[in-house]
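# Understanding the architecture of this molecule
What follows is the residue order along each chain.
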Amino acid sequence: MAESRHIWRMVTYIDAALAPLKNEGQIRLYRQEDFAGMRRASRLTAECLDALEDIVRPGLPTDEIDRFVYDFGLAHGALPATLGYKGYMKSTCVSINHVVCHGIPNEKPLKDGDIVNIDVTFLLDGWHGDSSRMYKVGNVKRAAERLMEVTYEAMMRGIAVIRPGATTGDIGHAIQEYAERERCSVVRDFCGHGVGRIFHDAPNILHYGNSYGSEAERHDAISKGRDIELKPGMIFTVEPMINLGRPQVKILSDGWTAVTRDRSLSAQYEHSVGVTETGCEIFTLSPRHEA
């Protein structure tokens, strides 16, 4: 990351998240033997997210979560990929209640009834393992718990359609169709992204999409770049953000934290996946829960 010698412009996390939209380079197709590196980095991330289940509780400052992630990574020979990335100076993102994503850890403690997303990416031996999960803090209301369930199911339905010959639009359509049927909304401002040797890479994985009426229309959509055909060797994240209210978000004055405009609850889950010859492999499955 280079700093300008003239005028330095801070690149916010929303810029970073949307960076793949500006990347028109070739999509990387990794070899199957490369998947081993992703497995190692992703398993470490998943193990950290498992371990966080044992410390998330009412009264815990989110800075303590950040410190835990940093120490966990270093103890296993890895670095948190967010630390110093595009000017972000924390080891994780901690997003509470109506915070959609990129919440900055601080001294504020978690409260009973909160729901919180913790997003961890470890860089291990040149590979990025990127994943996030929701956590319940104490006694959570049923509406918040249901939002978490819908969001997880939406992510898994998107992952279920991944196979050679499918498209990125199929992923978004599966997520949107399910979430809206459950009377929730899909955030449009952020997307999944290619991952692997590079933290944020092509292709973009939108979490909303369209179903096309005919095979001809489907191929027309692909040719116009609205959808990208999935091929073995692609590695990317699927990470839908689902709101109880409307999908619109805004960025707070810190330049990073995204919140729902109507202050409705938001939830997110994220897996890193690779397209195989017959379907896909989820790299960031929980060793504790296998999910």
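Scoring rules and cut-offs
- Residues numbered from 1 in each chain as written.
- Predicted model: local features only at pLDDT ≥ 70, side-chain atom pairs only at ≥ 80, totals over all residues.
- Heavy atoms only, no water.
- Helix = DSSP H or I, 4+ residues; strand = E, 2+ residues; numbered from the N terminus.
- Buried < 20%, exposed > 50% of the residue type's maximum accessible area, 1.4 Å probe, protein only.
- Areas by Shrake-Rupley, 256 points an atom, 1.4 Å probe, with all protein chains shown as cover.
- Salt bridge = Lys/Arg side-chain N within 4 Å of Asp/Glu carboxyl O.
- Contact = heavy atoms within 4.5 Å.
- Expected span 1.5 Å × (residues − 1).
- Pairing = 2+ DSSP bridges.
- Axes fitted to C-alpha atoms, helices over the stretch in contact; angles between N-to-C directions.

### Things to note about the overall build of the chain
Secondary structure summary: the chain contains 6 helices and 15 strands in total. Counting the 291 residues in the chain, one finds 52% classified as buried. Total accessible area computed for the chain in this model is approximately 13400 Å², and 49% of it derives from carbon and sulfur atoms.

### Things to note about the pattern of salt bridges
A complete count under the given rule lists 18 salt bridges for this structure. Between Glu47 and Arg43 there is a salt bridge; the shortest N-O distance is 3.1 Å. Taken as a pair, Glu47 and Arg43 lie in helix 2 (residues 35-52) at a separation of 4 residues, close to a single helical turn. For Asp50, the salt bridge identified is with Arg133, shortest N-O distance 2.7 Å. You can see Asp50 sitting in helix 2 and its partner Arg133 sitting in strand 5 (residues 127-136), a full 83 residues away along the chain. Since its relative accessible area comes to 5%, Asp50 is described here as buried.

### A look at the side chain of Arg133
Overall, Arg133 belongs to the buried group, its relative accessible area being 11%. Those residues within four positions of Arg133 in sequence are excluded, and the remaining contacts are Ala46, Leu49, Asp50, Glu53, Val116, Asn117, Ile118, Gln268, Tyr269 and Ser286.

### Digging into helix 2
Here helix 2 spans 26 Å end to end across 18 residues, near enough to the 26 Å set by a 1.5 Å rise per residue. The buried fraction of helix 2 amounts to 13 of the 18 residues, a majority that puts the element mostly inside the structure.

### Looking at unusual backbone geometry
A cis amide bond links Ala202 with the next residue in sequence, Pro203, at an omega value of 5°. Residues other than glycine seldom take positive phi values, yet Asn97 does so here, at roughly 55°. A positive phi angle is found at Arg263, which is not glycine, with a value near 65°. Among the structural elements, Arg263 can be located in the loop between strand 12 (258-260) and strand 13 (266-268). For Arg263, a relative accessible area of 60% translates into the label exposed.

### A word on the sheet that holds strand 10 (residues 241-243)
In space, the 3 strands of this open sheet follow the order 6-10-13, with antiparallel pairing throughout. Only two strands of the sheet have a single partner each, and these edge strands are strand 6 (185-186) and strand 13. Where strand 6 lies against strand 10, 2 bridges are found, and the strand directions are antiparallel. Note on strand 10: the bridge partner recorded for Val186 is Ile242. The strands touched by helix 4 (residues 142-160) within the sheet are strand 10 and strand 13, with strand 13 carrying the most contacts at an inclination of about 40°.

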